[in-house]
Amino acid sequence: MSTLLDAYSEAVIAGAERVSPSVVNIEAHQQNGRGGSGSGFIFTPDGFILTNSHVVYGADNIEVTLPDGQRFRSDKIGDDPDTDLAVVRITAPNLVPATLGDSQAVRVGQLVIAIGNPYGFQCTVTSGVISALGRSLRSKSGRLIDNVIQTDAALNPGNSGGPLITSNGEVIGVNTAVILPAQGICLAIAINTAKFVAGRLIKDGKIRRGYIGVAGQNVPVHRRLVRAHDLPVASGIFVVSIEPNSPAQRASLREGDIITGFGDQPVADIDALHRRLTEHQPGIRAPLVVLRGSEKLVLQIEPSLL
C-alpha cells in the first residue's frame, strides 16, 4: 500500500512541478470599485493566458501576478461568456507556457490534478480522478456548454480559470465551476474546446456562432450503421435535450437522435459541430444529417445568431 501511495504522490508532484510555473493569479478591477480574482495559465511563450470569462468580464484593469511575485498589467484579448473562457496577454520575459493536451484522449477514472494561483505567490494543488465526461453546464449567458469534464479534484477558492492537468503535466481542461449543493464536484471546460475558442479570440477578439438549441454528448456509432449508411465518421453527437422554440425543434430534431453531419461536412463530436456553427452564416438553411434508430435522415435546419 505504501508503494502505491508513494507512486500516486510522485505522479501528483511531478505533474504539479511541471505546470505550476505557468499558472498565474488574475485580479480584475472595474471603475465602480467592483472586481474579482481567479487563476489562469500561460499557454504561449509570448504571453497569452487562458482563464475564465467570469473572472475578467467587464474589467477595466486586469493585473497578472506570476508565481515568482512579478506583477504585470494585461490586455484583454477577448472573452466568450458562452464557454466561460477568456484570453488575456502580458508582455514579460522568460515565460513558461503550459503544454496543452488532448481532452478527447482522457478516460473516466484517470488521475487529474487541479492547479490554481489564488494569491499570486503560491500555487495550490488538489488531485482526484475524472468522474464523468460529456457533461453539460449552463453558462452565465444561458448557453449550454457541452463536453464538460467532471472531476472530484476539489476546486479551492480563487482557482477558477486554472488548469486541470494529467499526471504527465498536459492541460486537459480549464477549471470553471463547483456545483455547490453537491460536495466535491468540480467542472472543467475541455481543452479541445478551449484551443478553438482561444484561437478565435486571438484572431477576432470575439466569437459569433450559430445556435441550434441542442445539448448533446459524444457517442460512438455502431459499425453496422456506419457501413449501412456509408458514414464518413464512426461517432456523433447524441441529442440529450432540445431547447423550446429553437432551430433544432423547428427542424423536427428529436431527443435520442445522433448528429453525424452539418452542412456538407461530417461532425464526429461536439467540438466539430461548434466549429461548423461558428463558420456557418446564421439565417441560412443547412442540411443536418442524423441517425434516428437505424434510419439515416437529412433535416433542414436554419441556425440563428446566438
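A few points on the structure. On a predicted model such as this, the values are computed, not experimentally measured, just so you know.

**With respect to the overall build of the chain**
Part 1: Regarding its fold elements, the chain presents six helices and 21 strands.
Part 2: A compact globule built from 306 residues would reach a C-alpha radius of gyration of about 19 Å, and the chain, at 20 Å, matches this within 12%.
Part 3: Principal-axis analysis of the C-alpha atoms gives the chain an extent of 60 × 55 × 35 Å.
Part 4: By the burial criterion, 52% of the 306 residues in the chain qualify as buried.
Part 5: Long-range contacts, defined as pairs at least 24 residues apart, comprise 61% of the intrachain contacts of the chain with a sequence gap of at least 6.
Part 6: With an accessible surface of roughly 14100 Å², the chain has 50% of that area assigned to carbon and sulfur atoms.
Part 7: Within the chain, one finds 27 positive and 28 negative side-chain charges whose respective centroids are separated by 7 Å.

**Observations regarding the packing of aromatic side chains**
Part 1: On inspection of all chains with the given rule, the structure shows one aromatic pair.
Part 2: On the basis of an interplanar angle of 45 degrees and a centroid distance of 6.5 Å, the ring pair of Phe43 and Phe48 is categorised as tilted.
Part 3: Taking the relative accessible area as the measure of exposure, Phe48 reaches 9% and is therefore buried.

**Comments concerning the environment of Ala14**
Part 1: Among the secondary structure elements, Ala14 is positioned in helix 1 (residues 2-19).
Part 2: The spacing of Ala14 and Asn168 is 154 residues in sequence and 7.2 Å in space, taken between C-alpha atoms.

**Some details on the nonpolar core**
Part 1: Counting residues in hydrophobic clusters, the biggest one holds 32 residues, and the most contacted among them are Phe41, Phe43, Leu50, Leu85, Val87, Ile115 and Ile191.
Part 2: Elements represented by at least two residues in this core include exactly helix 1, strand 3 (48-51), strand 6 (85-89), strand 8 (111-116), strand 10 (144-151), strand 12 (170-178), strand 13 (186-190) and helix 3 (191-204).
Part 3: Broken down by element, the residue count for this core peaks at six residues, all from helix 3.
Part 4: If near-sequence neighbours (up to four positions away) are discounted, Phe43 is found in contact with Phe48, Ile49, Leu50, Val87, Pro97, Ala98, Leu100, Ala198 and Ile202.
Part 5: Ranked by size, the runner-up nonpolar core spans 21 residues in total, among them Val214, Ala251, Leu273 and Ala286.

Scoring rules and cut-offs
- Residues numbered from 1 in each chain as written.
- Predicted model: local features only at pLDDT ≥ 70, side-chain atom pairs only at ≥ 80, totals over all residues.
- Heavy atoms only, no water.
- Helix = DSSP H or I, 4+ residues; strand = E, 2+ residues; numbered from the N terminus.
- Rg over C-alpha atoms; globule rule 2.2 N^0.38 Å.
- Buried < 20%, exposed > 50% of the residue type's maximum accessible area, 1.4 Å probe, protein only.
- Contact = heavy atoms within 4.5 Å.
- Areas by Shrake-Rupley, 256 points an atom, 1.4 Å probe, with all protein chains shown as cover.
- Lys, Arg positive; Asp, Glu negative; His and termini not counted.
- Charge placed at Lys NZ, Arg CZ, Asp CG, Glu CD.
- Phe/Tyr/Trp six-rings, centres within 6.5 Å; stacked < 30°, edge-to-face > 60°.
- Core = buried A, V, L, I, M, F, W, Y, C linked by side-chain atoms within 4.5 Å.

By themselves, these figures tell us nothing about what the structure is for.
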